[in-house]
Amino acid sequence: MAAGGGGSCDPLAPAGVPCAFSPDGQAYFALASSDGHLRVWETASNRLHQEYVPSAHLSGTCTCLAWAPARLQAKESHQRKKRKSEVIGTNDQVDLLALGTAVGSILLYSTVKGELHSKLISGGHENRVNCIQWHEDNDCIYSCSDDKYIVEWSIQTCKVKCKWKGDNSSVSSLCISPDGKMLLSAGRTIKLWVLETKEVYRHFTGHSTPVSSLRFTTIRPNESQPFDGITGLYFLSGAVHDRLLNVWQVRSENKEKSAVMSFTVTDEPVYIDLTLSENKEEPVKLAVVSRDGQVHLFEHILNGHCKKPLTSNCTIQIATPGKGKKSTPKPIPILAAGFCLDKTSLLLVYGNWFQPTIERVALNSKDTHICLERDISNCWAPTVETAITKVRTPVMSSEAKVLVPGIPGHHAPIKPPPLSQPKEVENKRKLGSNEASIEERLGAMDLDRKGRKDDVLQTTSFPILLTQGLESNDFEMLNKVLQTRNINLIKKTVLRMPLHAVIPLLQELTKRLQGHPNSAVLMVQWLKCVLTIHASYLSTLPDLVHQLGTLYQLMESRVKTFQKLSHLHGKLILLITQVTASEKTKKMPSPGQKAKLVYEEESSEEESDDEIAEKDSDDHWDEDEEEKDSENDEGVDEDNEEDDEDTDDKEENGEDRDGSSEKELNGDSDLDPENESEEE
């Protein structure tokens, strides 16, 4: 079963090219290449059996294909003897091959007749056909498309029997249950349909990308409960850009509907083949061809839940033998793999899509890794007859005239080259002293280019330069890309780079982070973009901790010292601000103002101040007594003339004088403002 159809520009389209082995003993291998040609190869002799080119092979390329199921001979033995025409009809149906196209039509090709049998067009799909499944008993075909619909076709009438909406987005894969009563469909979610009522029986969720392959792995459940045809069965699913193959179990409605277990591979699955388990003791054998050209073999008994993803029991690779000491062996991609009828050997299809090599390999359960050396240098070039490509140049006389396109009736004569020209050319080649050397010519070309402006790198060339620099370890090429400071350009470059270059880029960034701090600032921007954009891809890597251990330790050591550095940074900023503030205050000039009043003290000692205060109080005491006596004499003269009320006032004045004298004796005498100014 092919995991998808190649030739699509959609990033979420499955990888690989549509291909499949025939069900009758895997005698044929059908392959629909990206150029629109259908090729059928004989697996035993590795010979091209048939080649078919549809009329619309360029516009409506083949996106999926499926062989018609082989009829069991036991079903026909107990029936009556059929006529010759009926027997031929059944044989034709066995050799029918259904092809889904990018325009929504389905072609039925007969390998016996070597021509197109019929077309399924009217009332079908309006967009690309993603998957085709044959029904063994009802002579029907089920197809799904990007138009969100599932269509049931009748082979006899070539018309639509039923059409219903399968999902809110495109439906990418289909699979019919072993009893033929249920249908699995998958887009973003997996749904189990009842074919009679076209109703959803179960939902399964767990893939983040479109599901590219669905296969039932068991025929009967392992439990001893009564079997209803579907409950307890296991099925396998693989998704686009996902390195995990999930195994699901159809359970009762109240139980959880998540994956029971998962198998891990090194890259996105391209082709999947398995052997069905007929009882609880028989393990399921699984062969998965990944996009990196390896085959992963699994063997496991499906008997319940398993939390940890299972790794492959054996991995098969094919490489060319290194010729000489300097030459290194190159890997040969494996395109497809299928189990033979004995389940102990494997059919491998490797090489290129135009001239593949088919080989049968015996499986050895003891070896965990098998690397086969094969020389396919002679198989890469397709064999083309020489008579077809042989071109003869017409002999034209000197008087012949050729009509040139342009003005009607315009004739341009063809002038034959002079006979002496080849001799002159040979003479020029012999005279090497007068000609300029290649070094001088290249130097002249460089001088001419200096006058022009340097070509600016376009944004589309950055991902190509980055991948080429990582593969060749070119330091200058990597510097051109990694020294950019434009964040948008960095994001676009990381987004468009291939997934196989993510790990080498992270290793290169780790080396540069350990270098100069100025370059580390730029590398942090790249590291941030890579970890945010390709986080889902990195999480699927099984040996991520081992590959990025150095980067993790580097980041952890930097983070540990970050708190101490931040404290030191804060203290340094505080000191620098204080120093700058003090320097500013010293440099500022004093304001040009004149004081209106200046007070100066003669001595700052307390004893001298007390002595000056006592002397001043004694001097003022004599003067105050004389003034008071004169005032009293005048008051006595006035009192004699006034009444007794005036005498009372005198007594009060006397009391006031006594109080003032007491204040003067205590040294608290109040000085007049005029006296204070005189003292100053």
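Heads up: these notes are all about the structure in this document. (Residues numbered from 1 in each chain as written. Predicted model: local features only at pLDDT ≥ 70, side-chain atom pairs only at ≥ 80, totals over all residues. Heavy atoms only, no water.)

**What to know about the packing of helix H6 (residues 461-472) against helix H8 (residues 487-496)**
Now for step 1: The interhelical angle for the contact between H6 and H8, taken along N-to-C directions, is 60 degrees, at an axis separation of 8 Å. Relative to H8, H6 is oriented oblique. Here H6 and H8 pass one another in a crossing that is right-handed. Between H6 and H8, the residues in contact are Phe462, Pro463 and Leu466 and Leu489, Thr493 and Arg496, respectively.
Now for step 2: Looking at the contact of H6 with H8, its residues break down into four nonpolar, one polar and one charged. (Axes fitted to C-alpha atoms, helices over the stretch in contact; angles between N-to-C directions. Helix = DSSP H or I, 4+ residues; strand = E, 2+ residues; numbered from the N terminus. Parallel < 35°, antiparallel > 145°, perpendicular 65-115°, else oblique. Left-handed = near helix turned anticlockwise from the far one by under 90°. Contact = heavy atoms within 4.5 Å. Nonpolar A, V, L, I, M, F, W, Y, C, P; charged D, E, K, R; others polar.)

**Overview of the pairing of strand E6 (residues 96-101)**
Now for step 1: Among the six residues that make up E6, six are buried, leaving the element largely enclosed by the rest of the structure.
Now for step 2: Covered by surrounding structure in E6 are Leu96, Ala98 and Gly100 together with Leu97, Leu99 and Thr101, the residues of both alternating faces.
Now for step 3: Sheet analysis places strand E5 (residues 62-67) next to E6, joined by five bridges and oriented antiparallel. Looking at the pairing, leucine 65 lines up with leucine 99 of E6.
Now for step 4: In this structure, the hairpin formed by E6 and strand E7 (residues 106-110) is closed by a connection of four residues, where glycine 104 is found at a positive phi of approximately 100 degrees. (Buried < 20%, exposed > 50% of the residue type's maximum accessible area, 1.4 Å probe, protein only. Pairing = 2+ DSSP bridges.)

**Thoughts on the sheet that holds strand E4 (residues 47-52)**
Now for step 1: Taken in spatial order, the four strands of this open sheet run E1-E2-E3-E4, and their pairing is antiparallel. The outermost strands of the open sheet, each flanked by one partner alone, are strand E1 (19-21) and E4. Averaged over all pairs of adjacent strands, the angle between strand axes in this sheet comes to 15 degrees, irrespective of strand direction.
Now for step 2: Pairing between strand E3 (residues 38-42) and E4: five bridges, direction antiparallel. Within the sheet, the bridge partner assigned to leucine 38 lies in E4 and is tyrosine 52.

**Considerations on helix H10 (residues 517-533)**
Now for step 1: Between the first and last C-alpha of H10 there are 25 Å, a value that for 17 residues agrees with the 24 Å anticipated at 1.5 Å per step.
Now for step 2: Ala520, Leu522, Met523, Trp526, Leu527, Cys529 and Val530 are the residues of H10 that are buried. (Expected span 1.5 Å × (residues − 1).)

**Here's the deal with a nonpolar patch on the surface**
Now for step 1: Taken together, the side chains of Leu565, Leu568, Leu572, Leu575 and Ile576 present a nonpolar region at the surface, about 480 Å² in accessible area.
Now for step 2: Assignment of secondary structure puts leucine 575 in helix H13 (residues 549-587). (Patch = residues over 30% accessible without salt bridge, like charges linked within 9 Å, V, L, I, M, F, W, Y side chains within 5 Å. Areas by Shrake-Rupley, 256 points an atom, 1.4 Å probe, with all protein chains shown as cover. Salt bridge = Lys/Arg side-chain N within 4 Å of Asp/Glu carboxyl O.)

**Some thoughts on the pattern of salt bridges**
Now for step 1: If you walk through the whole model with that rule in mind, you get ten salt bridges.
Now for step 2: Note that glutamate 282 is salt-bridged to lysine 343, the shortest N-O span being 3.2 Å. With a gap of 61 residues between them, glutamate 282 in the loop between strand E21 (269-275) and strand E22 (284-290) and lysine 343 in the loop between strand E26 (334-339) and strand E27 (345-351) connect regions that are remote in the sequence.
Now for step 3: Overall, lysine 343 belongs to the partly exposed group, its relative accessible area being 27%.
Now for step 4: Between arginine 512 and glutamate 508 there is a salt bridge, and its shortest N-O distance comes to 3.0 Å.

**Some remarks on the side chain of serine 345**
Now for step 1: Here serine 345 shows up in strand E27.
Now for step 2: Residue classification places serine 345 among the buried positions, given a relative accessible area of 5%.
Now for step 3: Here the side chain of serine 345 touches aspartate 342 through a polar contact of 3.1 Å, side chain to side chain.
Now for step 4: Not counting residues within four places of it along the chain, the set of residues in contact with serine 345 comprises Gly338, Phe339, Cys340, Arg360, Val361, Ala362 and Leu363. (Polar contact = N/O pair within 3.5 Å; in protein donor to acceptor, adjacent residues only side chain to side chain.)

**Topic: the sheet that holds strand E17 (residues 211-216)**
Now for step 1: Spatially, the four strands line up as an open sheet ordered E17-E18-E19-E20, and their pairing is antiparallel. A strand with exactly one partner marks an edge of an open sheet, and here the two such strands are E17 and strand E20 (261-264). Recorded for the sheet is a direction-independent mean angle of 20 degrees between the axes of neighbouring strands.

**Re the packing of H8 against H10**
Now for step 1: Closest axis-to-axis distance for the H8/H10 pair is 10 Å, and the angle between their directions is 45 degrees. Relative to H10, H8 is oriented oblique. Once H8 is placed against H10, the crossing between them reads as right-handed. On H10, the residues touching Ile487, Ile490, Lys491, Thr493, Val494 and Leu495 of H8 are Gln525, Trp526, Cys529, Val530 and Ile533.
Now for step 2: Among the residues making up the contact of H8 with H10, the classes are represented as eight nonpolar, two polar and one charged.

**Examining the nonpolar core**
Now for step 1: Ranked by size, the top nonpolar core spans 32 residues in total, and within it Leu466, Leu482, Leu505, Leu506 and Trp526 carry the most contacts.
Now for step 2: Contributing elements (two or more residues each) for this core: H6, helix H7 (475-482), H8, helix H9 (502-513), H10, helix H11 (535-539) and H13.
Now for step 3: The biggest single contributor to this core is H10, with seven residues.
Now for step 4: Those residues within four positions of leucine 505 in sequence are excluded, and the remaining contacts are Leu466, Leu470, Leu482, Met497 and Val530.
Now for step 5: Ranked by size, the runner-up nonpolar core spans 31 residues in total, among them Val289, Ile316, Ile318 and Leu347. (Core = buried A, V, L, I, M, F, W, Y, C linked by side-chain atoms within 4.5 Å.)

**Digging into the pairing of E7**
Now for step 1: Along E7, five of the five residues are buried, which leaves the element largely enclosed by surrounding structure.
Now for step 2: Neither face of E7 is exposed, since Ile106, Leu108 and Ser110 on one face and Leu107 and Tyr109 on the opposite face are all buried.
Now for step 3: In the sheet, E6 pairs with E7 via five bridges, with the strands oriented antiparallel. What sits directly across from leucine 97, in E7, is tyrosine 109.
Now for step 4: Of the pairings in the sheet, the one linking E7 to strand E8 (residues 115-120) comprises five bridges and is antiparallel in character. The residue bridging isoleucine 106 from the neighbouring strand is leucine 120, located in E8.
Now for step 5: Counted between consecutive antiparallel strands, the loop separating E7 from E8 contains four residues, among which glycine 114 sits at a positive phi close to 75 degrees.

**Here's the deal with H7**
Now for step 1: Those residues of H7 that sit buried are Met477, Leu478, Asn479, Val481 and Leu482.
Now for step 2: Its buried side turned inward, H7 meets H6, H9 and H10.
Now for step 3: At the N-terminal end of H7, a side-chain oxygen is found 3.3 Å from the backbone nitrogen of glutamate 476, two or three residues along, and the residue is aspartate 474.

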